[in-house]
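Per-entry structural report
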Amino acid sequence: MSGTPDDTKPVNFTVKAPVYLQIGDAKADTAHSGVCVVDVNLPFGKPVNIEEVTFKNYYTAYVTVRLLRRNPEQEAPAKWCTAVRDLPLMDNPHTEGGSQDYYTIHRTQMQVEPDHVVCARLILRQPSLAWLTFSLEDIKIFPHTEPDPEKEVSDWLSDLTLTDQHPDLEGLPDPQTVSSSIQQMWALTEVMQTNQTTASIGRFDVSETHSQPHLSCNECVHDGGDVITF
Amino acid sequence: MDEGIELSLTIAQIIQRLRGSHLHSQIERQAKECLHQPDVKLESLKEDVRSFLKTSGWERKLQNAVYRELHIQLPPRHPPAPPEHLKEPLVYMRKAQASWEKRVLKSLNSMSTELLVPLAHMRPAAEQKELTNKWNEMGTDEPDLSRFRPVYAPKDFLEVLIGLRNPNHDSSEDISVRSHWGLIQVPLNVRDIPHLREAYSELNLTSGQMGIDDHALIHPVVMEEDSAAAQQYSRQGCPTGLRADLWALILNATNQPQDVMHYEQLKAGVIQHNLLVDNLIYKDVKLTASNDDYYFVFEDFLYQVLLCFSRDTAVLEHFKYNSATPPKSYIQGKVGDEECAVVYPPNGVIPFHGFSMYVAPLCFLYNEPSKLYNVFREMYIRYFFRLHSISSHPSGILSLCLQFERLLQTHLPQLFYHLRQIGVQPLRLAFKWMVRAFSGYLSTDQLLLLWDRILGYDSLEVVAVLAAAVFAFRAENLMEVTSLASAEAVLADLSTLKVMPLIQVFLFATAM
């Protein structure tokens, strides 16, 4: 996952107080329309490329995210676009499921590229009359970080390491068959070890008491091998 | 969260839990030993070892272990979610659970101070020896338990559930008249009959059920030793002879030597130390199981299981997904210092009146104490803990109560209205059944058929459905009653009921 929020810090921004839309006269009976708008003003002059938006729900049923993007190259004015439309946060607006859960909206889930964002607007909807209030808490926006340039160095280093090349093996047996037959031999020795007998193999006795200048078998025996006697 | 990322997180979690377990080392050993075999070649080492593990059944054991982990796994965590959110997402329910726990703990502490019995003390050597000798017949002991009283009874817990309110819930207008009929005032999402029909399609009137249509074909599922297949099979009931093995398979409660050793260690703990909760367990068994016609023979088994259960710290793991928190006691003078905190009782579960009824029906299936213990422990940490903690989980007792009330209000409105008229709240009659998952109220064979479905569908919903179905069955009689006492009398004896026809008719034959 590029740009995991574990190491990146969220963007500092100011959140305006949520504005609950009213129907009719503001002073009259507060008939809740079930719609609330939360404006998120990102730091002035520093447009952000958004990686993900995280928040904790508090009884909001659907959320729509709109972004104000300003393309730095063109001189065109900033434009509003919808990144996420009516994302359901609660399975059923009248019941508790999902009402206080934590959510993440990743840039891959957004309908537009959330780059060069100046301002974000979250439109919350809660059509059910069952709840007194609804909002989102703890809204955090994490910036998109480019993949580490260090990775490019390691790519270059890996080019230097030699790839496994099969050495020229003319006249020599194939290493794969050799190793598999070694495996069988090893299995055989294992079997032999477990079935060690005390019966001896017929060999000449090599005794130190021989004083005659025969071809001493000492030399050939002490060549690292074990003495086998009967 | 992205599905792919969720899946890799889940896999990583499961690998972490299984790594280093006994199964892991067994499989490694098997893999090493299979290298001796002639058909395992070096060129295709990986595939050959894998196919060996498959044919020798070890892959199946690993699958069962993974399946078990999936059952008790926590959902993947969004980075900002704190651990208490995983226990219970709703803040007001966490608060209610915390204050309920405080009350229970206070009651326990005051009992300890009043009766001058310490929470835990070491047994003198003579007493230890006596207990070791009498381990298999603890029921013959007649200790003086008259001073002890249960810490709480289900009806106390019901009062707490009734009093639960969501501070953000608008109850000023009569927006939902139904919620004012019943006792539970929390707007949880519970399923109604159309959804239940889809979810419990195997219980349709057209499919054969064990216990009614016993000529139904028996699948040799036990031979395959597959947990998931056994669970699916159990939805239509288990044949009596195979039930013990099937349940052990579904719960992956294999009775390995290390499980037996663990049980022996717990038994040694029981002999060494005497806990105050032991007296509560004794009292509970004497009051409930010993008085029951079906279960009094198993009194000794119940002590052997429950006393060991109180000391099993492996149970503490389930508190990660249980909304409850185990009570902690601190070394004198160091209150608040986490390093000097000790969980009391060691497994964190304070038994209440009727707790032993969770174990009693299992005694019909298993006669070996360590196997019985393993199966009970697994059933507790998967299902039974939800019946006595405040949570918004669909299988939690709160959802079950709400579902029962809603089913009754929707499909038997006249009955509900009549009962309210005479001052009877149906939930007060049905709560004691649901808290015990009907143990002690139904006849044993019927109860085991019900618990087959709990295991098969991995949910306690069927308990709420049965409660509503019982009311539907006795509706005619209940319409005649004019007082709470007579309503209770109508519903007093459930021992003649046949569980599956009731559920089937209620779910699939109720007019919509």
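What you are looking at is a predicted structure, and each value in this text was computed from that prediction instead of being measured.

1. Topic: the overall build of chain B
Regarding its fold elements, chain B presents 25 helices and four strands. Overall, the C-alpha framework of chain B stretches about 80 × 60 × 50 Å when taken along its three principal axes. A burial count over chain B gives 53% of its 512 residues as buried. With an accessible surface of roughly 23,500 Å², chain B has 55% of that area assigned to carbon and sulfur atoms. The distance from the centre of the 49 positive side-chain charges to the centre of the 59 negative ones in chain B is 4 Å.

2. Concerning the overall build of chain A
Within chain A one finds three helices and nine strands. Along chain A, helices (α) and strands (β) appear in the sequence β-β-β-β-β-β-β-β-β-α-α-α when read from the amino end. Considering chain A as a whole, with its 230 residues, one finds that 30% of them fall into the buried category. Excluding contacts between residues fewer than 6 apart, the proportion of contacts in chain A whose partners are at least 24 apart in sequence is 76%. When the accessible area of chain A is evaluated, it comes to approximately 16,100 Å², of which 55% is carbon and sulfur surface.

3. Here's the deal with empty space enclosed by the protein
Residues and elements named next belong to chain B. Throughout the structure, instances matching the rule amount to five cavities of 30 Å³ or more. Each pocket or cavity is described by its volume, and for the largest cavity that value is around 60 Å³. Around the largest cavity sit Arg149, Pro150, Val151, Leu280, Lys283, Asp284, Pro351, Phe352 and His353, which together line it. A class-by-class count of the residues in the lining of the largest cavity yields five nonpolar, one polar and three charged. One number sums up the size of the second largest cavity: a volume of about 40 Å³. Class assignment for the residues of the lining of the second largest cavity results in nine nonpolar, no polar and no charged.

4. Brief notes about the pattern of salt bridges
Applying the stated criterion to the full structure yields 20 salt bridges over all chains. Here the residues in one salt-bridge network are Arg17, Arg68, Glu69, Glu317, Glu378 and Arg382 of chain B, joined through shared partners.

5. A word on helix H12 (residues 227–234) of chain B
Residue and element names in this part refer to chain B. Of the residues making up H12, those classed as buried are Ser227, Ala230, Gln231, Tyr233 and Ser234. Projection of H12 onto a plane perpendicular to its axis shows the buried side chains occupying an angular sector of 160°, all on one side. Here H12 starts with a cap whose side-chain oxygen sits 3.1 Å from the backbone nitrogen of Ala228, and that cap is Asp226.

6. Here's the deal with the pairing of strand E3 (residues 32–41) of chain A
All names here are of chain A. The pairing of strand E1 (residues 14–15) with E3 spans two bridges and is antiparallel. If you follow Thr14 over to E3, its bridge partner there is Asn41. Examined bridge by bridge, strand E2 (residues 19–22) and E3 share three bridges and lie antiparallel to one another. Across the sheet, the residue bridging to Tyr20 is Cys36, located in E3.

7. Here we look at the packing of helix H4 (residues 58–71) of chain B against H12 of chain B
Residues and elements named next belong to chain B. Taken N-terminus to C-terminus, the directions of H4 and H12 make an angle of 60°; their axes are 8 Å apart at the nearest point. When the axes of H4 and H12 are compared, the pair comes out oblique. For the pair formed by H4 and H12, the contact residues are Asn64, Tyr67 and His71 on the first element and Ser227, Ala228 and Gln231 on the second. Classifying every residue of the contact of H4 with H12 gives two nonpolar, four polar and no charged.

8. Considerations on the sheet that holds strand E4 (residues 50–58) of chain A
Residue and element names in this part refer to chain A. Taking strand neighbours across the sheet as the criterion, the three strands line up as E7-E4-E9 in an open arrangement whose pairing is antiparallel. Taken across any chain shown, the strands that pair with only one partner, and hence form the sheet edges, are strand E7 (102–106) and strand E9 (135–143). Ignoring strand direction, the axes of neighbouring strands in this sheet form an average angle of 20°.

9. Focus: the interface of chain A and chain B
Where interface size is given, it is often the accessible area lost as the parts come together that is meant. Each side of the interface is counted separately: chain A has 25 residues, and chain B has 27 residues. Where chain A touches chain B, the interface holds zero salt bridges. Counting across the interface, chain A meets chain B through 10 residue pairs in polar contact (both at pLDDT 80 or more). Listing elements by their share of the side of chain A that touches chain B, those giving two or more residues are E4, E7 and helix H2 (175–194) of chain A. Broken down by element, the residue count for the side of chain A that touches chain B peaks at four residues, all from H2 of chain A. When its residues are assigned to classes, the side of chain A that touches chain B shows 10 nonpolar, 11 polar and four charged.

10. So, the confidence of the model for chain A
Residue and element names in this part refer to chain A. For chain A, the mean per-residue pLDDT works out to 74, and 67% of the residues sit at or above 70. Across chain A, element-level confidence peaks in strand E5 (residues 62–69) with a mean pLDDT of 93 and bottoms out in helix H3 (residues 217–221) with 40. Every residue in residues 1–6 is under pLDDT 50, and counting partners more than four places away or in other chains gives 10 contacts. Contacts of residues 210–230 to residues separated by more than four positions or lying in other chains number 15 contacts, the stretch itself having pLDDT below 50.

11. Some remarks on the pairing of E5 of chain A
Residues and elements named next belong to chain A. Here seven bridges tie E5 to strand E6 (residues 79–88), and the two strands are oriented antiparallel to one another. Bridge pairing links Val63 to Leu87 in E6. Note: E5 against strand E8 (residues 117–125), eight bridges, orientation antiparallel. Each residue of the ladder has a partner; that of Tyr62, found in E8, is Arg125.

Reading guide: rules and limits
Residues numbered from 1 in each chain as written. Chains lettered and ligands numbered in written order. Predicted model: local features only at pLDDT ≥ 70, side-chain atom pairs only at ≥ 80, totals over all residues. Heavy atoms only, no water. Helix = DSSP H or I, 4+ residues; strand = E, 2+ residues; numbered from the N terminus. Buried < 20%, exposed > 50% of the residue type's maximum accessible area, 1.4 Å probe, protein only. Areas by Shrake-Rupley, 256 points an atom, 1.4 Å probe, with all protein chains shown as cover. Lys, Arg positive; Asp, Glu negative; His and termini not counted. Charge placed at Lys NZ, Arg CZ, Asp CG, Glu CD. Contact = heavy atoms within 4.5 Å. 1 Å grid on protein atoms, 1.4 Å probe; cavity = no way out; pocket = protein on both sides within 12 Å on 5 of 7 lines; lining within 4 Å. Points joined across faces, edges and corners; volume = space filled by probe spheres on them. Nonpolar A, V, L, I, M, F, W, Y, C, P; charged D, E, K, R; others polar. Salt bridge = Lys/Arg side-chain N within 4 Å of Asp/Glu carboxyl O. Arc of directions from axis to C-beta. Polar contact = N/O pair within 3.5 Å; in protein donor to acceptor, adjacent residues only side chain to side chain. Pairing = 2+ DSSP bridges. Axes fitted to C-alpha atoms, helices over the stretch in contact; angles between N-to-C directions. Parallel < 35°, antiparallel > 145°, perpendicular 65-115°, else oblique. pLDDT = per-residue confidence, 0-100.

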